[in-house]
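Structural characterization, general
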Amino acid sequence: MTGPRGGRGKGSGTLLQLVRKDLLVGWHGRARLVGLSTYAVTLLLVFSFALGPDTATLHDHASAYAWVALLSASTLLLAQSFLQEVEGGALEGLLLLPVSPVALFYAKALANLLLLLVLAGVLLPLGAVLFDVSPSGPPLALAGILALGCAGLVAPGTLYAALTARVASQQVLLPVLLFPLVVPPVLASVKATALLVDGDPMGQLGAWAGLLVAFDVLYWSLCGVLFGRVLEA
Amino acid sequence: MPEPVVRARDLGRRFGGRWALGRVDLDLLQGERLLLMGRNGGGKTTLLRLFSTLLAPSRGTVAIFGLDPAREAYRIRRRLALLAHLPFLYEDLSGPDNLRVVARLVGRADDPAPWLARVGLDPRPDPVRTWSAGMRKRLSFARLLLQEPELALIDEPYGQLDPDGHAWVDGLLKEMASAGTTVIVASHLVDRASALCQRALLLHDGLPRWSGPSDQAPRAWTCFQERAS
């Protein structure tokens, strides 16, 4: 039983290898990502047509609708990320390797975050055109709020996607479990994005961003700890 | 006396209110090969999953390499591999990519070619969801071999393979035996698998019904089936 041995795959390298694996699996299933993008873009189109041609109304609701579209698409993205793990028993196979559940969680959450940010990168410029919006705040701040908001969705979403992955009614169960938990980060994201789009005369952006950071720290810590229990269930 | 690779005492596992396995006592030394036989639902797969650390016992104790799976699963998993009913593969990835993922995680060189050659597969770039069941089975074997386990847990090695594949599995198990790998095989092909093992254990309704040298296993299995029918 001899074979080619190398020295990789240990310590922090494991996390990187798992992220690489998740991105590779995501890339090979990119048809699903295209489908998700189409779904999210369609949502934005429907919202913009429903509001009508009134520029002020479109402007006022832009950030809320962008986040609703992202939230909906993220639920599907998260569910799919674990469907590929359950199909063929790949997740069980991973659990049999010397890989900690904590590394599995953070790798999957990071990969999901990257994929969601790619989706947001497609969605938001299109939303800006549809809703006739040009951000008044710095683009970097907008990118920061986007990353913090997506992180707030992804951490509990990854945990619950794992929990519901082997359940037949996952597509129903996941939003039911996830949405109550992500209300605070989504609200904070909507408010912070609106302040960056419309201007922030009262200087409230820092408070909303702080709230987002607090929820992200809480969710990313707690979900990482709980993930092992979820996999054992 | 050397430490057994597998030690089980009064081992049992319950799913809900039903006992899937109970009263298993076993010591397996390094290099020994054990055949698990029994009808569907007899408890073979449950026993393999308990030994693999994927399941925790509901009663009794189990030690693998002298380690407690509840506390030291990570160390145990470095030294064992399981071939199960599910192939443990990413359906959207190619065979070579599937092996690369595992190789990188267990710290092996990530060239899948030698492992694919060993199981008689080409490094095809198409996703494994388009592969035949037999080819997937061979790829699962490559995944197991790549881990270079000291303890190999093999559930139905002949399943989904053609007659040539059966002979190939025989050769592979002999190769593992000569390398000193401890092997537990669960199989319905008792005549075939018993020739490759030293000991056998018959499970029925989750309970051990017979154990002994593997050369007596075919007769014990025939007697059991006659009594049961």
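All values derive from a computational prediction rather than experimental measurement. (Residues numbered from 1 in each chain as written. Chains lettered and ligands numbered in written order. Predicted model: local features only at pLDDT ≥ 70, side-chain atom pairs only at ≥ 80, totals over all residues.)

**Considerations on the overall build of chain A**
Counting secondary structure elements, chain A contains eight helices and zero strands. Taken from N to C terminus, the helices and strands of chain A fall in the order α-α-α-α-α-α-α-α. Relative to its length of 233 residues, chain A is compact, with a C-alpha radius of gyration of 19 Å against a globular reference of 17 Å. When its C-alpha atoms are laid out on the principal axes, chain A stretches across 70 × 35 × 30 Å. When each of the 233 residues of chain A is scored for burial, the buried share is 46%. (Helix = DSSP H or I, 4+ residues; strand = E, 2+ residues; numbered from the N terminus. Rg over C-alpha atoms; globule rule 2.2 N^0.38 Å. Buried ≥ 20, exposed ≤ 12 C-beta atoms within 10 Å, placed from the backbone.)

**Observations regarding helix 5 (residues 101–130) of chain A**
Taking 1.5 Å of rise per residue, 30 residues should cover 44 Å, and helix 5 of chain A covers 42 Å from first to last C-alpha, within 8% of that figure. Just downstream of helix 5 of chain A, D132 of chain A is the residue with a positive phi angle, here 55 degrees. (Expected span 1.5 Å × (residues − 1).)

**Describing the interface of chain B and chain A**
At the junction of the two partners, chain B supplies 32 residues and chain A supplies 29 residues. At the level of secondary structure, the elements contributing two or more residues to the side of chain B that touches chain A comprise helix 2 (69–77) and helix 3 (95–106) of chain B. Of the residues forming the side of chain B that touches chain A, the biggest block, six residues, is contributed by helix 3 of chain B. For the side of chain B that touches chain A, a count of residues per class yields 20 nonpolar, three polar and nine charged. (Contact = placed C-beta atoms within 7 Å. Nonpolar A, V, L, I, M, F, W, Y, C, P; charged D, E, K, R; others polar.)

**A few points about the sheet that holds strand 2 (residues 18–28) of chain B**
Residues and elements named next belong to chain B. What the three strands build is an open sheet, ordered 2-1-4; its pairing is antiparallel. Each edge of the open sheet carries a strand with a single partner, namely strand 2 and strand 4 (59–64). Here the strands of the sheet are splayed against their neighbours by 25 degrees on average, with no regard to which way each runs. Pairing between strand 1 (residues 6–15) and strand 2: seven bridges, direction antiparallel. Paired with A8 across the strands is L26, a residue of strand 2. (Pairing = 2+ DSSP bridges. Axes fitted to C-alpha atoms, helices over the stretch in contact; angles between N-to-C directions.)

**Quick word on the environment of R100 of chain B**
All names here are of chain B. On the secondary structure map, R100 appears in helix 3. On the neighbour-count criterion, R100 (22 C-beta atoms within 10 Å) is buried. Separated by 46 residues in the primary sequence, R100 and L146 have C-alpha atoms spaced 9.8 Å apart.

**Structural notes on the confidence of the model for chain B**
On average, chain B scores 95 in pLDDT, and the residues at 70 or more come to 100%. Scoring of the predicted complex yields 0.86 for pTM and 0.88 for ipTM. (pLDDT = per-residue confidence, 0-100.)

**Here we look at the packing of helix 2 (residues 30–51) of chain A against helix 5 of chain A**
All names here are of chain A. Two elements in contact, helix 2 and helix 5, have axes separated by 10 Å at closest approach and are oriented at 30 degrees. Taken as axis vectors, helix 2 and helix 5 run roughly parallel relative to one another. Of the two possible hands of crossing, helix 2 and helix 5 adopt the one that is right-handed. Facing L33, L36, S37, A40, V41, L44, L45 and S48 of helix 2, the residues of helix 5 in contact are L115, L119, V122, L123, L126, G127 and L130. (Parallel < 35°, antiparallel > 145°, perpendicular 65-115°, else oblique. Left-handed = near helix turned anticlockwise from the far one by under 90°.)

**Describing the sheet that holds strand 9 (residues 207–213) of chain B**
Residues and elements named next belong to chain B. Within the open sheet, the six strands sit side by side as 5-6-7-3-8-9. Their pairing is mixed. Each of the sheet's edge strands pairs with one partner strand only, and the pair in question is strand 5 (80–83) and strand 9. Across the sheet, the axes of successive neighbouring strands diverge by a mean angle of 15 degrees, strand direction being ignored. Bridging between strand 3 (residues 33–37) and strand 8 (residues 199–204) involves four bridges; their strand directions are parallel. Bridge pairing in strand 8 links L35 to A200.

**Brief notes about helix 1 (residues 44–51) of chain B**
Where burial is concerned, most of helix 1 of chain B is hidden: eight out of the eight residues are buried. Within helix 1 of chain B, the full set of buried residues consists of K44, T45, T46, L47, L48, R49, L50 and F51 of chain B.

**Regarding unusual backbone geometry**
Residue and element names in this part refer to chain B. Backbone geometry places F65, a non-glycine residue, at a positive phi of 55 degrees. Positioned with a positive phi, E148 is a non-glycine residue whose angle comes to about 45 degrees. Counting through the fold element by element, E148 comes out in the loop between helix 5 (133–146) and strand 6 (151–155). The class for E148 is partly exposed, based on 18 C-beta atoms found within 10 Å.

**Overview of the pairing of strand 7 (residues 182–186) of chain B**
Working note: regular strand, side chains alternate between the two faces of the sheet. Residues and elements named next belong to chain B. Here strand 7 lies mainly inside the structure; five of its five residues are buried. Burial along strand 7 is two-sided: the face carrying T182, I184 and A186 and the face carrying V183 and V185 are both buried. As judged from the five bridges shared by strand 6 and strand 7, these two strands associate in the parallel manner. Bridge assignment links A152 to a residue of strand 7, and that residue is V183.

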